[in-house]
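Fold and geometry: a report
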Amino acid sequence: MTSSRGPSEQPPDPQAGARTDGILEQLRLGWLTGLPAGAAVIPVGLAFGVLVIQYGLPWWVAPLLSGIVFAGSIEFLLAGLLAAGAPLVQIALTALIVNFRHAFYALTFPLHRIRSIPGKTYGTFALTDEAFALTSGREAQRWSGTRILTLEGTFQLFWVASSTAGALLGSLIPPWIKGLDFAMTALFVVLAIDAYKARRSLPQPVIAVGIGLVSAALFGANMLAPAMGAYVLVLIIGYLISRARGRELPRTGELDVVDPDDGTTAGQEPRDV
């Protein structure tokens, strides 16, 4: 019996199908990871879109800022500065001060899990407070690059869509409705509770609250950068003390822990992105 396969045809590669299934699974996990944060940000995005219209700006300013700036709180400030005709220098300084906290996020964000340069670029651009909160745990240090980028993209999708909807439907939302912006506060409270359950370390939340209260008393509305800096300093000191006492955490590559999500070990680079 002769084979019907031509001379140039190759048998199907079973590993190709497995890789495709693995990527689809990581996309699903990233979507599910980012979905709660994305849903929680909808009221805030709607409020931002409404605010853009109330400032007298065109509706397309909302998706423009949400898509290009994508920095949450600074977008609210930028809308007001744009409406007031503030000079570019003032806008730049305001953005630097408000987003200065992002410099500390690189300490724990698992950027090393993303292989490609475009992926690293977007991962850095889309590193919001919510993405940092979701990826700052130990488990996230072994997530695949696809999962990390998908959760960031999911959150940005919800943010851009909700702010655009708020701008388009802004005239239909009564101005007396209050509390839309509290959804973001509630989200971070839930994320803080989840972080405590994962680490079971009571001193860290207590220290964070104490530093926040002291910074608020000393610096008022400008307390964020000093509070973040002081808290990071406390974490560094705590790490150095733990290291001196011989309780240093294993470095990457010292534990051969297999990641059930992408099949890599803790010391391996992700294979998919």
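Criteria and cut-off values
- Residues numbered from 1 in each chain as written.
- Predicted model: local features only at pLDDT ≥ 70, side-chain atom pairs only at ≥ 80, totals over all residues.
- Heavy atoms only, no water.
- Phe/Tyr/Trp six-rings, centres within 6.5 Å; stacked < 30°, edge-to-face > 60°.
- Helix = DSSP H or I, 4+ residues; strand = E, 2+ residues; numbered from the N terminus.
- Buried < 20%, exposed > 50% of the residue type's maximum accessible area, 1.4 Å probe, protein only.
- Patch = residues over 30% accessible without salt bridge, like charges linked within 9 Å, V, L, I, M, F, W, Y side chains within 5 Å.
- Areas by Shrake-Rupley, 256 points an atom, 1.4 Å probe, with all protein chains shown as cover.
- Salt bridge = Lys/Arg side-chain N within 4 Å of Asp/Glu carboxyl O.
- Axes fitted to C-alpha atoms, helices over the stretch in contact; angles between N-to-C directions.
- Parallel < 35°, antiparallel > 145°, perpendicular 65-115°, else oblique.
- Left-handed = near helix turned anticlockwise from the far one by under 90°.
- Contact = heavy atoms within 4.5 Å.
- Nonpolar A, V, L, I, M, F, W, Y, C, P; charged D, E, K, R; others polar.

1. Here we look at the packing of aromatic side chains
Tallied over the entire structure, the rule returns six aromatic pairs. Here the aromatic rings of F70 and F155 are separated by 6.0 Å at their centres, their planes lie at 45°, and the arrangement is tilted. Taken together, the residues span a long stretch of sequence, with F70 in the loop between α3 (61–68) and α4 (73–84) and F155 in helix α9 (residues 145–168) at a distance of 85 residues. Using a relative accessible area of 3% as the deciding quantity, one classes F70 as buried.

2. Concerning a nonpolar patch on the surface
Taken together, I53, W59, W60, L64, I68, L168, L169 and L172 make up a surface patch of nonpolar side chains, about 830 Å² in accessible area. Structurally, L169 is set in the loop between α9 and α10 (182–199). On the basis of relative accessibility, which here comes to 44%, the residue L169 falls in the partly exposed class.

3. Topic: the pattern of salt bridges
As enumerated under the stated definition, the model contains one salt bridge in all. Among the ionic pairs, R28 bridges to E25, the shortest N-O distance being 2.7 Å. Here R28 pairs with E25, and both are found in helix α1 (residues 14–40), just three residues apart, close to one helical turn. On the basis of relative accessible area, R28 is assigned to the partly exposed category, the value being 41%.

4. A word on the packing of helix α7 (residues 117–125) against α9
Contact geometry of α7 with α9 gives a least axis separation of 10 Å together with a crossing angle of 45°. Considering their axes alone, α7 and α9 lie oblique with respect to each other. When you trace α7 past α9, the crossing you get is left-handed. On α9, the residues that touch G119, Y122, G123 and F125 of α7 are L149, E152, G153 and Q156. In the contact of α7 with α9, the residues fall into three nonpolar, four polar and one charged.

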